[in-house]
Amino acid sequence: MSIQEIWGWSTTPFARGSDGVVFFESHAQREALARIELVIEGHGFGLVTGEVGSGKSTFVRRIVRELDDMQYFVMYICKASLKPRDFYGEILARLGESVPFSVAKARKVWEERALSQAGRPDRQWVVLIDEAQEMSDDMLQELRFLRNQAMDAQSVFSLIMTGQPELRRRLRLKKHEAISQRLDMVYHLHGLTQDETTAYIRQQMQQAGATLPVFSDSAIRAIYRASQGLPRIVNSLCTQCLYAAATKQSEVIDEGHVQSVLADQEQQRGTAG
Ligand SMILES: Nc1ncnc2c1ncn2[C@@H]1O[C@H](COP(=O)(O)OP(=O)(O)OP(=O)(O)O)[C@@H](O)[C@H]1O
Ligand SMILES: [Mg+2]
């Protein structure tokens, strides 16, 4: 039985990143959004990093949804181990171009399109790359070319990358210094604060149609401590607590439920070796 059925709610709270996710805006996300807007307006290059499960992809999807179609032409790329060939393949396809086999030719087509776009009052181009920590070294080097090209062509596009913190570590390497120097904005998305974690949990419950608070303050504090406010972990702990409480026929989740879920997780990990 699903959480929704067990508890008699209208939807399942803490569900994984479907499009129906009610966006919770934390202070860090508001700040990141404001900075991204500046990068887009300034035709710049920006990078947002965040821990695993901190909400980067949810955030990027929200930007894609919210940028006005009449004003912006958004090219969203999310591909494991992105290489220059994939990059040009994706953006040229979005631009309705056929994709030449060689990277050099593809780069040329892109360059021509970007040049012909320069100075025109059409929609501004925004390239978004998610899961950027996985991009190949070649792709990181290609960013340098793109940045130079953006400057030469009076910049017809902005580029925003999101990825896990290891991307920052890669960019610190000497061989990538030229790229990190060319970034106009770098921002790190932390987990939610304790107050935000509380508001997030309450929002999820309300959205599901719960009429009682269900999660006690002490339970929320314990969830915050264990998750550091990372939404994916908060979701998973809350879901497990809801199952655990239902099994015990409790209508309220207290710290004890959270501790037993955490102890169970610990034990499962130990068993898994
Ligand atoms: N701002 C938010 N509002 C509501 N739910 C969120 C928010 N941010 C994250 N979540 C929830 O947390 C889950 C994990 O978020 P997301 O997949 O965006 O993290 P990520 O940082 O992209 O992770 P990864 O590093 O693994 O790519 C989402 O499926 C969603 O349910
Ligand atoms: Mg992600």
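In this convention, every chain numbers its residues from 1, walking through the sequence in written order. Going through the entries in the order they are written, you letter the chains from A and number the ligands from 1. The predicted nature of this model means local features are confined to residues of pLDDT at least 70 and side-chain atom pairs, given and counted, to a pLDDT of 80 or more, with totals for whole chains, interfaces and linings taken over all residues.

Enquirer: Please clarify how the sheet that holds strand 1 (residues 45-50) should be interpreted in this entry.
Expert: Pairing between the strands of a sheet is mediated by backbone hydrogen bonds and can be parallel or antiparallel. Note on pairing: two strands pair once DSSP finds at least 2 bridges between them. Numbering goes from the N terminus for both helices and strands, where a helix is a DSSP run of H or I of at least four residues and a strand is a run of E of at least two. Ordered in space as 2-3-4-1-5, the five strands form an open sheet in which the pairing is parallel. Unpaired on one side and paired on the other, strand 2 (72-78) and strand 5 (185-189) mark the two borders of the sheet. Shown here is a sheet whose adjacent strand axes are inclined to one another by a mean of 15°, direction ignored. Pairing of strand 2 with strand 3 (residues 124-130), which is carried by seven bridges, proceeds in the parallel orientation. From the neighbouring strand, M75 faces strand 3, where its bridge partner is V127. Between the N-to-C directions of two axes lies an angle of 0 to 180 degrees, each axis being a line fitted to C-alpha atoms and, for a helix, fitted only over the stretch in contact.

Enquirer: I'm lost on the domain arrangement of the chain in this one. Help?
Expert: Accessible area lost upon the coming together of the parts serves often as the stated size of an interface. Boundaries of every domain are those given by an automatic assignment or by a domain database. Domain boundaries in the chain define domain 1 (3-12 + 192-272) and domain 2 (27-189). Taken together, the contacts link four residues of domain 1 with four residues of domain 2. Each residue is assigned to one class: nonpolar for Ala, Val, Leu, Ile, Met, Phe, Trp, Tyr, Cys and Pro, charged for Asp, Glu, Lys and Arg, and polar for all the others, Gly among them. For the side of domain 1 that touches domain 2, the residue count by class is three nonpolar, no polar and one charged. Contacts are defined on C-beta atoms placed from the backbone: any two residues whose C-beta positions lie within 7 Å are in contact.

Enquirer: Can you help me understand the pairing of strand 1 in this one?
Expert: On any regular strand, side chains alternate: one points to one face of the sheet, the next to the other face. Most of strand 1 sits inside the fold, with six of its six residues counted as buried. Where strand 1 meets strand 4 (residues 157-163), five bridges bridge the pair, whose relative direction is parallel. Across the sheet, residue G46 finds its bridge partner in strand 4, namely I160. Exposure classification rests on a simple neighbour count of other C-beta atoms within 10 Å of a residue's own: a residue reaching 20 or more is buried, one at 12 or fewer is exposed, and one in between is partly exposed. C-beta atoms are placed from the backbone.

Enquirer: Help me out: how do you make sense of the environment of E196 in this one?
Expert: Topologically, E196 is positioned in helix 9 (residues 194-208). It is 9.5 Å that separates the C-alpha atoms of E196 and Y224, two residues lying 28 residues apart in sequence. Excluding its chain neighbours within four sequence positions, the residues that come into contact with E196 are S26 and G229.

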